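# Geometric and topological summary
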Amino acid sequence: MRKVRVDLGERSYGIAIDAGSIGDVGNALKKFGFSRTLALVSNPTVYRLYGRLVSKSIKAAGFDLSEILIPDGEKYKSLVSSAHIYGELLRLRLDRRSAVVALGGGVIGDIAGFVASTYMRGIDFIQVPTTLLAQVDSSVGGKTGVNHELGKNMIGTFWQPRLVWIDVDTLSTLPSRELRAGLAEVIKYGIIHDERLFHFLGANRDKVLGLDRRALTHIIRRSCEIKAEVVSRDERESGLRAILNYGHTVGHAIETATGYRKFLHGEAVAIGMCQEALIGREMGLITDEEASRIRRLIESYGLPAAMPKGLDLRRLLEAMQLDKKTVSGRLRFVLPLRIGEVRIEKKVSDLLLKKLFTPTGRLR
Ligand code: NAD
Ligand code: GLY
């Protein structure tokens, strides 16, 4: 088992990464001193695959575990679903030393963490992420939240889990499109912080896409280490943590402008990373060759790189202005300097953005 630590003083926690470990999670919970009553939050898709195994393991460790399922889908990451979960937790009499176990992808992790952070002013929660995106990104770092009709992830808290328990074998049941979308975030870590990881992804593409356990464990561990280091240094995103948003300024705008229907989050981020590399190239921050390497790796994983045709430019720019990353109306971009290093840039001209987004003026 690989272990990564997120160093946050008394709120520090471990990320345990292994293959075939999902049925052992119960034992790992014994040391925390939780009260007997725990709740598992999941959705029917994931529960059908792994729910019984996880429940059995937690019950065998001596806990009374109840299951709360919400329907599968981003639209259920809402205040309405949260209210349902609060009601169940109250009925089940979870107390202030109880804990919530989140079993699923980022949707389940985000809402379960949000509810845990607010139930009785905050109880513990455990992340058992089952998508690649959740394993390398959303389960680590303590951002929780739900969507509002006026914006995605607009209601939320910072609330760190007590443990993240990753079984890489759960990726064997994940649809391939979801796997590739998660890989976009892994590629991101290579670009922002680790050229060796970037190189590894290029050299081991077939192993990664073929779900080779060693290759998967390596890229998940490395991604978690990078995220853990960044979060340990800047938990509340007052500076450094923003580098994790590479590809996300353009990516989020694409998701918003396409109504969240055309692209998975990781796919939009893949386009965002390519386009933000082009912005960097136009500003003389990164060479043409390095920007091309980024695009080639992204395309080699079957991810989109080009801006979709027919997007409304005004909607795109508006979407960017509404982004949470905007401070006092100023957009912040994370731009690559080379593979393995990025910087936060506030001075990206509107003209350049228009050139980037207008089909006739599209950058190459
Ligand atoms: P998701 O949770 O919707 O999961 C994708 C699909 O895969 C779902 O249908 C799910 O039921 C299914 N699934 C999950 N595990 C499976 C498995 N092992 N086998 C088969 N099917 C499986 O999507 P996601 O990409 O994991 O997460 C996206 C969410 O994460 C978004 O809401 C996003 O806002 C959030 N997010 C949060 C953070 C953060 O820091 N908190 C970071 C990035 C993204
Ligand atoms: N997903 C970006 C962050 O956790 O900060």
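Placed above this text is the structure.
This write-up is about the structure you can find in this document. In this text the structure is predicted, and so the values were computed from the model without any measurement.

Taken together, 26 residues surround ligand 1, and among them Glu74, Gly106, Thr130, Thr131 and Thr173 come closest. Contact distances for ligand 1 include 3.1 Å between an oxygen atom and a backbone N or O atom of valine 107. For ligand 1, the accessible surface in isolation is 860 Å², of which the surrounding protein chains cover 87%. For the shell around ligand 1, the secondary-structure elements that each account for two or more residues are α2 (44-60), α4 (106-118), α5 (132-138) and β8 (151-158). The greatest single-element share of the shell around ligand 1, amounting to four residues, is contributed by α2. Here the residues of the shell around ligand 1 sort into seven nonpolar, 10 polar and nine charged.

At glutamate 237, a position not held by glycine, the phi torsion is positive, near 55°. Along the chain, glutamate 237 turns up in the loop between α9 (213-233) and α10 (248-257). Since its relative accessible area comes to 18%, glutamate 237 is described here as buried. Non-glycine residue tyrosine 260 carries a positive phi angle of around 60°. Topologically, tyrosine 260 is positioned in the loop between α10 and α11 (265-282).

With that settled, the discussion passes to the side chain of serine 12. Mapping serine 12 onto the fold places it in the loop between β1 (2-6) and β2 (13-18). Exposure remark for serine 12: the relative accessible area of 15% places this residue in the buried category. Only 3.4 Å separates the side chain of serine 12 from the side chain of arginine 5, close enough to count as a polar contact. A polar atom in the side chain of serine 12 sits 2.8 Å from the backbone nitrogen of leucine 8. Residues within four places of serine 12 in sequence aside, it is in contact with Arg5, Val6 and Asp7.

Calculation notes
Residues numbered from 1 in each chain as written. Chains lettered and ligands numbered in written order. Predicted model: local features only at pLDDT ≥ 70, side-chain atom pairs only at ≥ 80, totals over all residues. Heavy atoms only, no water. Near = heavy atom within 4 Å. Polar contact = N/O pair within 3.5 Å; in protein donor to acceptor, adjacent residues only side chain to side chain. Areas by Shrake-Rupley, 256 points an atom, 1.4 Å probe, with all protein chains shown as cover. Helix = DSSP H or I, 4+ residues; strand = E, 2+ residues; numbered from the N terminus. Nonpolar A, V, L, I, M, F, W, Y, C, P; charged D, E, K, R; others polar. Buried < 20%, exposed > 50% of the residue type's maximum accessible area, 1.4 Å probe, protein only. Contact = heavy atoms within 4.5 Å.

So, to be careful, I would describe these as geometric facts and stop short of saying anything about function.
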